[in-house]
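Survey of secondary and tertiary structure
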Amino acid sequence: MRLDDLAAIGALDGHGVRHVLAAFPAQCRDATELAARPAVPVRQPALVVVAAMGGSAASGDLLAACVAERLSVPVIIHRGYGLPAAAVGDTLVIASSYSGDTAEVVAAARAAVARALPMVTVTTGGALAALAREHGVAQVTLPAGLMPRMALGYLFFPLLRILADAGLEVVSPAEAAEALDVVGEMACGLAPERPSAANEAKQLALTMATRTPAIYGGPVTGAVAYRWKTDLAENAKVFALAGTLPEMNHNEIEAWQGTAARAMQAVLLRDHQEAPEIARRFDVLRQLIEPAAGGVVETWARGKSRLARLLSLAYLGEWTSYYVAMLRGVDPWPIPLLDELKRRTQS
Ligand code: F6R
């Protein structure tokens with residue numbers, strides 16, 4: 001498919017994912033209004049555990065990347081059943097599941113109830129909302145109707161609010177406002193109506209049309225590299241690698257040799273605020289892998305605050321995976337294998 005063929009895009013994208021992505025800035029803005037009812041049950045927790053999977057867990061990764069700059073309180077993103085042993089006493093548990101029916105997260109919430117831990121649920125409904133109602137747990141109720149991975153705004157901004165209400169401010173109101181402005185400014189430039197010649201997401205997708213993407217971030221943007229990988233898997237149904245510098249310099253770099261590297265497209269998620277030693281590592285990495293690689297391309301985070309930089313890259317990744325889906329003739333909405341796996345494993 002030609003990415004500037006709007007009729008072909010409309011025919012393939014029958015669920016209107018392009019409209020959901022175009023509305024992402026508005027989703028983020030609406031999400032800043034969402035708060036827990038009843039109020040967050042703890043002040044100054046010693047540990048925060050975000051229990052979530054998949055697209056819901058991506059919001060936790062974003063939170064952890066923002067928190068690392070500011071908080072002395074550890075934030076653990078727990079992807080699995082139950083809760084870690086460290087979750088005791090004044091640990092705040094945030095059980096986040098867009099559908100509310102993800103077995104691992106419901107099990108984590110049950111464990112939090114059993115340990116009498118302060119908890120907030122973040123969901124549209126399902127078993128998680130029922131559990132919250134039964135036990136009087138504080139709830140953030142999200143608008144329904146989206147695919148979880150397309151609800152990053154709804155899933156993420158309430159986490160900031162929950163932490164602020166617990167006395168842990170991670171992102172200032174000015175920084176949140178900047179992040180909203182940055183994604184708002186990006187929206188038109190990434191939409192299907194913007195031709196490939198002036199659309200960065202389409203250009204990035206074209207580099208991956210016939211190659212396997214390998215997305216590498218730095219110490220800050222690495223959290224978003226993993227999000228690109230999962231968006232590429234779920235939206236475009238393609239394999240992708242994700243890694244972080246400096247760690248990948250110490251192992252995965254060795255795979256960038258020989259004919260196998262020709263089938264790969266490296267995408268480097270750069271950040272104008274990355275430390276000089278990280279910038280140097282990106283530059284040398286590029287010099288070393290480019291001769292063997294199918295392609296190497298860089299893209300730069302926008303905005304000043306860490307949140308704006310991360311959210312801008314996450315948004316670019318959503319659109320890029322969308323266009324990879326279009327190029328491959330794949331509907332970006334359905335996830336039949338994941339649905340079937342949930343169906344067969346739900347107790
Ligand atoms: C689907 C998606 C998945 C889900 C995951 C957990 O769009 O992104 O990765 O997020 O299966 O489901 P929820 O988010 O409903 O708990």
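Everything below is about the structure printed above this text.
If you're wondering where the values come from, they're calculated on a predicted model, not measured in any experiment. (Residues numbered from 1 in each chain as written. Predicted model: local features only at pLDDT ≥ 70, side-chain atom pairs only at ≥ 80, totals over all residues. Heavy atoms only, no water.)

Next up on the list: the overall build of the chain. Helix and strand counts for the chain stand at 13 helices and nine strands. Whereas a compact globule of 347 residues would reach a radius of gyration of roughly 20 Å, the chain reaches 20 Å, a difference of no more than 12%. Taking all 347 residues of the chain together, the buried fraction comes to 56%. Sequence separation of at least 24 residues holds for 78% of the intrachain contacts in the chain that already meet a minimum separation of 6. When the accessible surface of the chain is totalled, it reaches about 14200 Å², and 56% of it is carbon and sulfur. (Helix = DSSP H or I, 4+ residues; strand = E, 2+ residues; numbered from the N terminus. Rg over C-alpha atoms; globule rule 2.2 N^0.38 Å. Buried < 20%, exposed > 50% of the residue type's maximum accessible area, 1.4 Å probe, protein only. Contact = heavy atoms within 4.5 Å. Areas by Shrake-Rupley, 256 points an atom, 1.4 Å probe, with all protein chains shown as cover.)

Compared with the 16 Å implied by 1.5 Å per residue over 12 residues, the 16 Å span of helix α5 (residues 103-114) between its first and last C-alpha is a close match. At its buried positions, α5 is contacted by β1 (47-51), β3 (91-97), β4 (119-123) and α6 (126-135). Just beyond α5, the residue with positive phi is A116, at close to 55°. (Expected span 1.5 Å × (residues − 1).)

Working note: regular strand, side chains alternate between the two faces of the sheet. Relative to strand β7 (residues 241-244), strand β6 (residues 212-217) runs parallel, the two being bridged by four bridges. Counterpart to G217 in the pairing with β7 is T244. Read as a crossover between parallel neighbours, the route from β6 over helix α10 (residues 222-236) to β7 is right-handed. (Pairing = 2+ DSSP bridges. Right-handed = clockwise from strand over helix to strand, strands pointing away.)

Further remarks concern the site of the ligand. Around the ligand, 15 residues are found, and the nearest of them are S56, S97, S99, T102 and R149. The side chain of S99 places a nitrogen or oxygen atom 2.7 Å from an oxygen atom of the ligand. In the complex, 96% of the free accessible area of the ligand, which totals 390 Å², lies under the protein chains. Among the elements that line the shell around the ligand, the one with the most residues is helix α4 (residues 54-67), at three residues. In the shell around the ligand, the residues fall into six nonpolar, six polar and three charged. (Near = heavy atom within 4 Å. Polar contact = N/O pair within 3.5 Å; in protein donor to acceptor, adjacent residues only side chain to side chain. Nonpolar A, V, L, I, M, F, W, Y, C, P; charged D, E, K, R; others polar.)

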